[in-house]
Amino acid sequence: MNIVVLVKQVPDSGAERTLSASDNTVERGSANNVINEMDEYAIEEALKIKEAHGGEVTVLTMGPERAAESIRKALSMGPDKAVHVQDDALHGSCAVATSKVLAAALGTLNADLIICGAESTDGRVQVMPHMLAERLGIAALTGARKLTVDGSQLTAERQTDEGYEVVTAATPAVVSVWDTINEPRYPSFKGIMAAKKKPVQSLSLADLGVPADEVGHAGATSAVVEFAKRPPRSAGTKVTDEGNGGAQLVEFLATEKFV
Amino acid sequence: MTEVLVVVEASQAAGVKKVTLEMLTIARDLGEVSAVVFGDAGELTAKLAEYGAQKIYHASGDDIDGYLVAPKATAVAELVKRVQPAAVLLASTQEGKEIAGRLAVKLDNGLLTDAVEVAADGTATQVVFAGSAIVKSKVTRGLPIVTVRPNSVTPAPAPATPAVEQLTVAVTDADKLTKVVERVAEQKGSRPELTEASIVVSGGRGVGNADNFKLVEEMADLLGGAVGASRAAVDSGYYPHQFQVGQTGKTVSPQLYVALGISGAIQHRAGMQTSKTIVAVNKDPEAPIFELADFGVVGDLFKVVPQADEEIRKRK
Ligand SMILES: Cc1cc2nc3c(=O)[nH]c(=O)nc-3n(C[C@H](O)[C@H](O)[C@H](O)COP(=O)(O)OP(=O)(O)OC[C@H]3O[C@@H](n4cnc5c(N)ncnc54)[C@H](O)[C@@H]3O)c2cc1C
Ligand SMILES: Cc1cc2nc3c(=O)[nH]c(=O)nc-3n(C[C@H](O)[C@H](O)[C@H](O)COP(=O)(O)OP(=O)(O)OC[C@H]3O[C@@H](n4cnc5c(N)ncnc54)[C@H](O)[C@@H]3O)c2cc1C
């Protein structure tokens, strides 16, 4: 099975993140950039399917030059090769434009299965898999907590607020995964060494035939018009339990009219 | 006045979800409110009317129910082309966002997700980066397609007498690629839904094991709230994943958030930072959760929580 995994580089969600003052895009220059956590689960799932059914795993990333670090990290987990879409014109792309570029890149890769994270930790837009399926005219199975592959038939268990749904489709398809689906492996030393030699193809917008004015700030379908830091919450009262902490807590809840 | 489409979220168990009433309330500032209902409309109509729907578009049938999301997006896209609405509002839930994503591509239109406020001109306010920043954004191509986060506004009734129109949707083969073969409702009792609850009581690793989570549930039930959990609690198998609050779980914004045995890591805060009032019980006085708690008790939750429960019972 020919599998493509979508990997996005994002600023570390454990550190402070901000938008750049000049154009209201994510400040990535000063941030500690990492693989979007959910995408590690996507890579793991792809590797498991390859191990069980054979095939090839390709990592696809759209992002600036430094996203190459995340591509190497992804490759060190075990995928065979990578495609890096980079072009200065991409800076400031909205989700709609991002999906256009990723769909164009996927068009060159002939994938049976495209696996991605259910959402990124920076934008959290949670739309990419359905946008790609819509553009490519293929199936989308989203929010999978379990995926079964039987020949060309895919079955996913998808978490919902009420419980779960079982959905099925035939390949080619896009599948997005949550962190409940597996436990991503750590890259081995051998994997890290091997990753240095794996092929990474770089593609520009011209290579993909996507006009530069349809992406980035120029082609954005939405714009951030204002950005402000929220004032940090200030700490209120803190008491130490000396036998009546529970009562004090309820006293507070009562003054706030919760009980 | 121009129509505004509100894509209704409802559940089998609870009927019209609160977020739908919030969207209807917001929509009244944007134009004449039209609700779009998929599935069984009968029970929902009265509620939608109470909150100001002037019109209800209704589509149902196996072609819509039997497949994942795509047919609904096709139906909304057709409707948008026909009635040229001022805006489309959807819920910021998995399904709402997925419909919005497909709709945006179909119409080559911008979309904004996770809005907590929508101004009359369609400008959306989003709280981003773990609740640390506020952004105002605008759709610059097409009409505003905006998903609204639950618990953003207080729903206000404005009774109307809606006209109901049955939609016939031309569902394409491409919309039928992903079949829904089973829908399983997992038991959850009578607690309110996590993202919509006005009170949430969450437990973390400090709760110690799955059995002890009864303590969290008991307090939630006494307060009429929902139960949440930190990722550490979920990963340790104390509580199911759909109740996880945080960066990779649900975002909640209740009137009251109670954190029991939760340290307050930045990724947990990401999902609860915008709660109106925050209360914490933690035995570590240095736990970061106290930095944002309006009221914190430094102590053992196994002592503090039972005493608090007792006290709440007394006051009832
Ligand atoms: C705070 C914030 C808010 C934003 N709000 C909006 C908004 O309301 N509307 C809008 O149009 N845009 C928005 N954006 C921009 C949007 O996040 C980017 O366009 C982004 O590249 C696509 O959205 P996502 O990462 O959130 O996608 P999601 O749908 O959340 O991502 C799902 C998966 O898609 C894959 N993926 C996503 N991007 C890439 C990539 N570049 N390369 C490879 N794989 C990828 C990954 O596997 C990821 O796990 C926002 C960005 C930020 C930082
Ligand atoms: C990319 C990424 C995404 C993440 N997403 C999420 C997310 O969505 N949600 C989330 O919650 N986390 C998330 N995390 C994990 C997060 O970083 C923390 O690890 C997690 O929130 C810790 O959970 P906790 O507070 O329950 O556990 P701990 O940090 O272990 O804290 C337990 C607390 O309980 C207290 N305690 C122990 N015993 C008692 C007692 N008897 N009485 C009172 N207090 C007691 C301790 O003092 C301690 O403060 C994410 C991490 C990453 C890297």
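Sequence positions are assigned chain by chain, starting from 1 and proceeding in written order. Working convention: letters from A go to chains and numbers from 1 go to ligands, in the order in which they are written. Side-chain atom pairs in this predicted model are given and counted only at pLDDT of 80 or more, local residue features only at pLDDT of at least 70, and totals for whole chains, interfaces and linings cover all residues. Where side-chain values are given, they derive from all heavy atoms of the structure, hydrogens and water being excluded.

So, the overall build of chain A
The following threshold applies: Only DSSP runs of H or I with at least four residues qualify as helices, and only runs of E with at least two residues qualify as strands; both kinds are numbered from the N terminus onward. Each residue is assigned to one of three classes by its accessible area relative to the maximum for its type, calculated with a 1.4 Å probe on protein chains only: buried under 20%, partly exposed between the two thresholds, exposed over 50%. Any two residues whose heavy atoms approach within 4.5 Å at even a single point are treated as in contact. Per-residue and other accessible areas follow the Shrake-Rupley method at a 1.4 Å probe size, with only the shown protein chains counted as cover for residues. By the counting rule applied here, Lys and Arg register as positive and Asp and Glu as negative, while His and the ends of each chain are not counted. Where a charge lies is defined by one atom per residue type: Lys uses NZ, Arg uses CZ, Asp uses CG and Glu uses CD.
A tally of regular secondary structure across chain A gives 8 helices and 13 strands. Projected onto the principal axes, the alpha-carbon positions of chain A cover approximately 65 × 45 × 40 Å. The buried share of chain A, reckoned over its 259 residues, is 54%. For chain A, contacts bridging at least 24 residues in sequence account for 74% of all contacts bridging at least 6. Taken as a whole, chain A presents about 10700 Å² of accessible surface, with 50% of it coming from carbon and sulfur. Of note, chain A has its 25 positive side-chain charges centred 4 Å away from the centre of its 35 negative side-chain charges.

Describing the overall build of chain B
This is how it is decided: All radius of gyration figures rest on C-alpha atoms, and the globule criterion is 2.2 Å times the number of residues raised to 0.38.
In terms of helices and strands, chain B carries 9 helices and 17 strands. Against the compact-globule benchmark of 20 Å for 316 residues, chain B has a radius of gyration of 21 Å, which places it among compact chains. When the backbone C-alpha atoms are referred to their principal axes, chain B occupies close to 60 × 40 × 35 Å. Burial statistics for chain B: of 316 residues in total, 61% are counted as buried. Contacts spanning at least 24 positions in sequence make up 65% of the contacts within chain B whose residues lie at least 6 apart. Counting only carbon and sulfur atoms, one obtains 48% of the accessible surface of chain B, whose full area is about 11800 Å². Of the side chains in chain B, 32 bear a positive and 38 a negative charge, and the two mean positions are spaced by 2 Å.

Describing the site of ligand 2
What counts here: We call a residue near a given molecule or strand whenever any one of its heavy atoms falls within 4 Å of it. For this analysis, a polar contact is any N or O atom pair within 3.5 Å, provided that within protein one partner can donate a hydrogen and the other can accept it, and provided that sequence-adjacent residues contribute only side-chain to side-chain pairs. Gly falls in the polar group here, along with every residue not listed as nonpolar (Ala, Val, Leu, Ile, Met, Phe, Trp, Tyr, Cys, Pro) or charged (Asp, Glu, Lys, Arg).
Taken together, 27 residues sit near ligand 2, with R205, S230, S263, Q267 and N282 of chain B positioned nearest. Those residues lying near ligand 2 are distributed over chains A and B. Here K283 of chain B contributes a backbone N or O atom positioned 3.1 Å from a nitrogen atom of ligand 2. Taken by itself ligand 2 offers 990 Å² of open surface, and the protein chains cover 80% of this. The set of elements that each furnish at least two residues to the shell around ligand 2 consists of α7 (231–235), α8 (266–269) and α9 (301–315) of chain B. When grouped by side-chain class, the residues that make up the shell around ligand 2 number 6 nonpolar, 15 polar and 6 charged.

Here we look at the pattern of salt bridges
We count it as follows: A side-chain nitrogen of Lys or Arg and a carboxyl oxygen of Asp or Glu constitute a salt bridge if their distance falls within 4 Å.
For the coordinates displayed, the defined rule picks out 37 salt bridges over all chains. Residue K17 of chain B is joined to D161 of chain A by a salt bridge in which the shortest nitrogen-to-oxygen separation is 3.7 Å. With K17 of chain B in the loop between β3 (15–16) and α1 (18–27) and D161 of chain A in the loop between β8 (153–159) and β9 (163–170), this pair bridges two chains. The exposure class assigned to D161 of chain A is partly exposed, which follows from its relative accessible area of 22%.

Looking at the packing of aromatic side chains
Operational definition: Pairing of aromatic rings covers Phe, Tyr and Trp, the last through its six-membered ring, and needs centres within 6.5 Å; plane angles under 30 degrees mean stacked, over 60 mean edge-to-face, and all others mean tilted.
Enumeration according to the criterion identifies 4 aromatic pairs over all chains in this entry. Consider the rings of F252 of chain A and F295 of chain B, whose centres lie 4.9 Å apart with planes at 15°: the pair is stacked. Taken together, the residues F252 of chain A in helix α8 (residues 245–255) and F295 of chain B in strand β17 (residues 295–298) connect one chain to another. Each ring, one from F213 of chain B and one from Y238 of chain B, has its centre 6.4 Å from the other, and the planes form 55°; the classification is tilted. Residue F213 of chain B is found in helix α6 (residues 213–223), and its partner Y238 of chain B is found in the loop between α7 and β15 (256–260); the two are separated by 25 residues along the sequence. There is no split in this pair, since F213 of chain B and Y238 of chain B are both buried. Members of the aromatic cluster, connected to one another through ring pairs, are F213, Y238, Y239 and F243 of chain B.

Re the interface of chain B and chain A
Rules: By convention, the term buried area covers the 1.4 Å-probe accessible surface removed from two parts as they join, with the contributions of both added. At least two DSSP bridges between two strands are needed for those strands to be called paired.
On the chain A side, the residues contacting the 88 residues of chain B number 83 residues. Taking both partners together, chain B and chain A bury about 7400 Å²; carbon and sulfur atoms supply 54% of that area. In this structure, R233 of chain A engages D294 of chain B in a salt bridge whose closest nitrogen and oxygen atoms are separated by 3.2 Å. Remark: the boundary between chain B and chain A carries 53 residue pairs in polar contact (both at pLDDT 80 or more). For the side of chain B that touches chain A, the element with the most residues is helix α5 (residues 94–107) of chain B, which contributes 8 residues. Split by residue class, the side of chain B that touches chain A holds 36 nonpolar, 28 polar and 24 charged. Bridge analysis of β9 of chain A against strand β12 (residues 179–185) of chain B gives 6 bridges, and the strand direction is antiparallel. The partner of G163 of chain A across the bridge, within β12 of chain B, is A185 of chain B.

Re the side chain of D179 of chain A
Mapping D179 of chain A onto the fold places it in the loop between β10 (173–177) and α5 (189–195). Since its relative accessible area comes to 10%, D179 of chain A is described here as buried. Of the polar contacts made by the side chain of D179 of chain A, one reaches the side chain of H241 of chain B; its length is 3.1 Å.

Considerations on the sheet that holds strand β10 (residues 145–148) of chain B
Short version of the rule: Every angle, taken between N-to-C directions, lies between 0 and 180 degrees, and every axis is a line fitted to C-alpha atoms, over only the stretch in contact when it is a helix.
Pairing within the open sheet is mixed, and its 10 strands lie in the order β12(A)-β9(B)-β8(B)-β7(B)-β10(B)-β6(B)-β1(B)-β4(B)-β5(B)-β11(B). Only two strands of the sheet have a single neighbouring strand rather than two, namely β12 (222–229) of chain A together with β11 (163–166) of chain B. Looking at each pair of strands side by side, their axes are set apart by 35° on average, direction ignored. Sheet topology note: the strand β8 (residues 124–128) of chain B/strand β9 (residues 133–139) of chain B ladder contains 5 bridges and is antiparallel. Bridge pairing in β9 of chain B links A124 of chain B to S137 of chain B.

Re the sheet that holds strand β16 (residues 277–282) of chain B
Taken in spatial order, the 6 strands make up an open sheet running β13(A)-β17(B)-β16(B)-β15(B)-β13(B)-β14(B), and their pairing is parallel. Where the open sheet ends on each side, the last strands, each with one partner, are β13 (237–240) of chain A together with β14 (226–229) of chain B. Shown here is a sheet whose adjacent strand axes are inclined to one another by a mean of 15°, direction ignored. Pairing of strand β13 (residues 199–203) of chain B with β14 of chain B involves 4 bridges; the strand directions are parallel. Among the inter-strand pairings, S202 of chain B is bridged to a residue of β14 of chain B, identified as G228 of chain B.

A word on the domain arrangement of chain B
Note on interface size: it is often stated as the accessible area lost on association of the parts. All names here are of chain B. As a reminder, the rule being used: Note that the domain bounds were set by an automatic or database domain assignment.
Considered domain by domain, chain B is made up of domain 1 (3–176) and domain 2 (199–315). One C-alpha centre belongs to domain 1, the other to domain 2; they are set 32 Å apart. Between domain 1 and domain 2, the residue contacts involve 6 residues of the former and 8 residues of the latter. Summed over the three residues of domain 1 that lose the most area to domain 2, namely A130, R149 and N151, the buried surface amounts to 80% of that side. Taken together, the connections running from domain 1 to domain 2 amount to 0 salt bridges.

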